Amino acid sequence: MKKIAIVGGGPVGLACAAWLLEKTPGAHLDLYDRLPESNDEIKNGDSRSIAVSQGSHLLLKNIGAWPNNSPAIHKIHVSHRGHFGRAIVRREELQQEALGHIVQYAEIHLSIRQALQKISKNAPNFRWHYSQKIDKLDKSSLADMVIHAEGGLFKQQEWQEIYRDYEQAAIVGWVKTDRINQHLAWERFTEEGPLALLPSHKGHEYLNLVWCGDPNATQKRLELFSENPATFLIELQKAFGTRAGHFIEAGELKSYELGLNARKEIVQGHEVWIGNAAQTMHPVAGQGLNLGLRDAHTLAESIASCASVHEALNHNQELRKTDRNATIASTDFLARIFTSQLKPVICARGIALSSLQILSPMKQSLTRQMMFGQR
Ligand SMILES: Cc1cc2nc3c(=O)[nH]c(=O)nc-3n(C[C@H](O)[C@H](O)[C@H](O)COP(=O)(O)OP(=O)(O)OC[C@H]3O[C@@H](n4cnc5c(N)ncnc54)[C@H](O)[C@@H]3O)c2cc1C
């Protein structure tokens, strides 16, 4: 029986273990998790909001790993500040219960961990190594197949072959408005980068903020918030406009540097990379975790259905090519096109947004790709 090791107990590594053990309870699997057995550190961890697609929602629900407090998105409004053109996507057009959901990183991390804790009770050959950070040198000799799920944030990772620094950072946190924005997500492109307002677990008058901009300007905005929150809200209102109402309060602001850092090949010998360990992307299209979960699910299926490590990894490599390439390329395109100041590009993106609104099949196909990946 092949021995498998997963390095990294983030959402993607944990989900991979859960899907694998669900399909093959007898699998000889070792999971190396940096965190201790207690869930306290996760509960008090990263509160950034993550847009989880309907595809990921269904995959996680199947293993009982769906967090309770996860407001649904029924409508997405996309616009470009100071220019013509906008697009609206509604759940009815795609005949889906929701276009996606918003979860907090800490909550989804915890719910996948708890699902794995349950599933692993029926897995006699599974060993969960808590509080274990495996060194680079030790990793490849851990098992017959080594799955890298070490994740990480842009600029905290080693550089890979596909690397682009967008010179952008994002402020994430929440804002309170004087209007109810139930089930509504806003994505507004500005000259500095996208500004998204998403449904919040805190209630209908709250929105989760993801404000991407120049790193120096972002730093100044954070300083402004701590010195004078009212002026920060005025600046935010100027950048977004009044469509979602007037901003009256903001909180839990934090910043992240943004970029693209991806491997060309996800398989090398008996090792395979999934999630952010394979590709870290700009959050503009909300695709990082969703793509990572699809990486994990396909790999678990390949392992369960193939006789040898070699066959499973080759099969997985083939299956992941199209979705991975399409998602990385479309995210990179979106991250760059809306910040370009070239006149023809400004004009083209206005036309693109308007035509997207008019050409319903094109809009549906794009949205489906974001929701379920490229199959
Ligand atoms: C501002 C922002 C907004 C985002 N918004 C979205 C969104 O809306 N939708 C979306 O889909 N994605 C979004 N993402 C991306 C998403 O957060 C990531 O894609 C996702 O967290 C990747 O999960 P992961 O498990 O691969 O990696 P991680 O979440 O980084 O987890 C990896 C884990 O492995 C552990 N580890 C690392 N090295 C070792 C080692 N040597 N040994 C043992 N353990 C190790 C780490 O401590 C960590 O716990 C966003 C990202 C940012 C920064």
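None of the values given here were measured: they were computed from a predicted structure.

What counts and what doesn't
- Residues numbered from 1 in each chain as written.
- Predicted model: local features only at pLDDT ≥ 70, side-chain atom pairs only at ≥ 80, totals over all residues.
- Helix = DSSP H or I, 4+ residues; strand = E, 2+ residues; numbered from the N terminus.
- Expected span 1.5 Å × (residues − 1).
- Contact = placed C-beta atoms within 7 Å.
- Near = placed C-beta within 6 Å.
- Nonpolar A, V, L, I, M, F, W, Y, C, P; charged D, E, K, R; others polar.
- Core = buried A, V, L, I, M, F, W, Y, C linked by C-beta atoms within 7 Å.
- Buried ≥ 20, exposed ≤ 12 C-beta atoms within 10 Å, placed from the backbone.
- Pairing = 2+ DSSP bridges.
- Axes fitted to C-alpha atoms, helices over the stretch in contact; angles between N-to-C directions.

S.K.: Honestly, helix 7 (residues 229-240) in this entry has me stumped. Any pointers?
M.R.: Helical periodicity: at 3.6 residues per turn, an α-helix aligns residues three or four positions apart in one direction. For helix 7, built from 12 residues, the straight-helix expectation of 16 Å at 1.5 Å per residue is met to within 8% by its first-to-last C-alpha distance of 16 Å. Structurally, helix 7 contributes buried residues whose contacts are with strand 10 (162-177), strand 11 (184-190), strand 12 (193-199), strand 13 (206-213), helix 6 (215-227) and strand 14 (247-262). The first or second residue beyond helix 7 is Gly241, which carries a positive phi of 90°.

S.K.: Explanation requested: the site of the ligand in the structure shown.
M.R.: Neighbouring residues of the ligand: 34 residues in total, closest Gly8, Gly10, Gly151, Gly275 and Gly288. Breaking the shell around the ligand down by element, the ones donating at least two residues are helix 1 (11-23), strand 3 (49-53), strand 10 and helix 8 (288-305). The biggest single contributor to the shell around the ligand is helix 8, with four residues. A breakdown of the residues in the shell around the ligand according to their chemical character gives 17 nonpolar, 13 polar and four charged.

S.K.: Would you mind showing me how to read the nonpolar core here?
M.R.: Side chains that are nonpolar tend, in soluble globular proteins, to be buried together. One finds Ile6, Ala15, Cys16, Ala17, Ala18, Ile147 and Ile274 to be the most contacted residues of the largest nonpolar core, which totals 88 residues. Among residues more than four places away in sequence, those in contact with Ile6 are Gly13, Cys16, Ala17, Leu29, Leu31, Tyr32, Ile147 and Ala149.

S.K.: How should I be thinking about helix 3 (residues 54-61) in this particular structure?
M.R.: Along helix 3, six of the eight residues are buried, which leaves the element largely enclosed by surrounding structure. Taken together, the buried positions of helix 3 are occupied by Gln54, Gly55, Ser56, His57, Leu59 and Leu60.

S.K.: I would appreciate a short explanation of the sheet that holds strand 14 in the present structure.
M.R.: Note on sheets: strands pair through backbone hydrogen bonds, and any given pair is parallel or antiparallel. Spatially, 6-5-11-12-13-10-14-17 is the arrangement adopted by the eight strands of the open sheet, whose pairing is mixed. Every interior strand has two partners, whereas the edge strands, strand 6 (86-90) and strand 17 (279-280), have only one. Relative to strand 6, strand 5 (residues 75-80) runs antiparallel, the two sharing five bridges. Among the inter-strand pairings, Ile76 is bridged to a residue of strand 6, identified as Val89. Contacts from helix 6 reach strand 10, strand 13 and strand 14, with the element oriented near 25° to strand 10.

S.K.: Please explain unusual backbone geometry as it appears in this structure.
M.R.: Most peptide bonds take the trans configuration, and most residues that are not glycine carry a negative phi. A positive phi angle, close to 50°, is found at Ser131, a residue other than glycine. With respect to the helices, strands and loops of the structure, Ser131 is situated in the loop between strand 8 (126-129) and helix 5 (136-139). The backbone phi angle of His183 is positive, close to 60°, even though this residue is not glycine. Looking at where His183 falls in the secondary structure, it is placed in the loop between strand 10 and strand 11.

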